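Residue-level structure breakdown
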Amino acid sequence: MSEQQLPREIRCVLVPVGNLRLLLPNATVAEVITFATPEPVAGAPEWLLGRIAWRGWRVPLVSFTKLADAEEGDSELSVRVAVLKALGDNPDVPFVAVVTQGFPRLTTLNAELIIPTHDGKPLPRGVKAQVLVRDDIAVIPDLEGIEHEVTELLRQAS
């Protein structure tokens, strides 16, 4: 049996969140929409802003800057929401949304263009890795961990 070849290039999106850039596979981003005021979730931490209505779903909305304790960035930039396809198998939470500033940027990457920059210090909460992508420092979010926390918080609130 032959091993399946990994793609040489991956289409990705750099999503601006505060002073950070999230690096995500393009296939993870379902849609980028205008910001809507979320419906609060009882007892949720500050980083879980609530739920927004999107295509018939009540999608949990996360502030990644609050989760990772990062700087909020330029308040003059237009605030949007990136709706992400959840990676877990929970049918109740098939999407998770993240507040963004500015516009996500499409890019095509390969292994040579992603350089780890971790200096040995503990990574911020919600971050799986920090990398240099061309001239941008970006973080690869721990989507599975965030989804798990969101699912638990929603379960406790109901």
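Residues numbered from 1 in each chain as written. Predicted model: local features only at pLDDT ≥ 70, side-chain atom pairs only at ≥ 80, totals over all residues. Heavy atoms only, no water.

On to the packing of aromatic side chains, then. Tallied over the entire structure, the rule returns 2 aromatic pairs. Taking 4.8 Å as the distance between ring centres and 75 degrees as the angle between the ring planes, the aromatic pair formed by Trp-54 and Phe-95 counts as edge-to-face. Here Trp-54, found in strand β4 (residues 48-54), pairs with Phe-95, found in strand β7 (residues 95-101); they are 41 residues apart in sequence, far enough to count as distant. An identical accessibility class is assigned to Trp-54 and Phe-95; each is buried. Considering the side-chain rings of Trp-57 and Phe-95, the 5.9 Å spacing of their centres and the 65 degrees angle between planes classify their relative orientation as edge-to-face. Note that Trp-57 is positioned in strand β5 (residues 57-62) and Phe-95 in strand β7, a separation of 38 residues in sequence. Every member of this aromatic cluster is reached through a ring pair, and the members are Trp-54, Trp-57 and Phe-95. (Phe/Tyr/Trp six-rings, centres within 6.5 Å; stacked < 30°, edge-to-face > 60°. Helix = DSSP H or I, 4+ residues; strand = E, 2+ residues; numbered from the N terminus. Buried < 20%, exposed > 50% of the residue type's maximum accessible area, 1.4 Å probe, protein only.)

Here helix α2 (residues 143-157) is 15 residues long and its end C-alpha atoms lie 21 Å apart, about the 21 Å a rise of 1.5 Å per residue gives. For α2, the complete set of buried residues consists of Leu-143, Ile-146, Glu-147, Val-150, Thr-151, Leu-153 and Leu-154. Looking down the long axis of α2, one finds its buried residues gathered within 165 degrees of arc, a one-sided arrangement. What points out from α2, more than 90 degrees from its buried face, is the exposed set His-148, Arg-155 and Gln-156. (Expected span 1.5 Å × (residues − 1). Arc of directions from axis to C-beta.)

The strand order β3-β6-β7-β5-β4 describes an open sheet built from 5 strands, whose pairing is mixed. Of all the strands in the sheet, just β3 (29-34) and β4 have a single pairing partner and so form its edges. This sheet shows a mean twist of 30 degrees between the axes of neighbouring strands, independent of strand direction. Two elements, β3 and strand β6 (residues 79-85), share 5 bridges in a ladder whose sense is antiparallel. Note that in β6 the partner of Thr-34 across the bridge is Arg-80. Packing against the sheet, α2 makes contact with β4, β5, β6 and β7, and its axis sits at approximately 115 degrees to β5. (Pairing = 2+ DSSP bridges. Axes fitted to C-alpha atoms, helices over the stretch in contact; angles between N-to-C directions. Contact = heavy atoms within 4.5 Å.)

The next point concerns the environment of Ala-30. Tracing the sequence through the fold places Ala-30 in strand β3. Along the backbone, Ala-30 and Pro-60 are 30 residues apart, and their C-alpha atoms lie at a distance of 14 Å. Not counting chain neighbours up to four residues away, the residues in contact with Ala-30 comprise Trp-54, Val-83, Leu-84, Lys-85 and Phe-95.

Locating Asp-136 in the fold gives a position in strand β11 (residues 136-141). Reaching out from Asp-136, the side chain makes a polar contact with the side chain of Arg-105 at a distance of 2.5 Å. Those residues in contact with Asp-136 that sit more than four places away from it in its chain are Leu-14, Arg-105 and Val-131. (Polar contact = N/O pair within 3.5 Å; in protein donor to acceptor, adjacent residues only side chain to side chain.)

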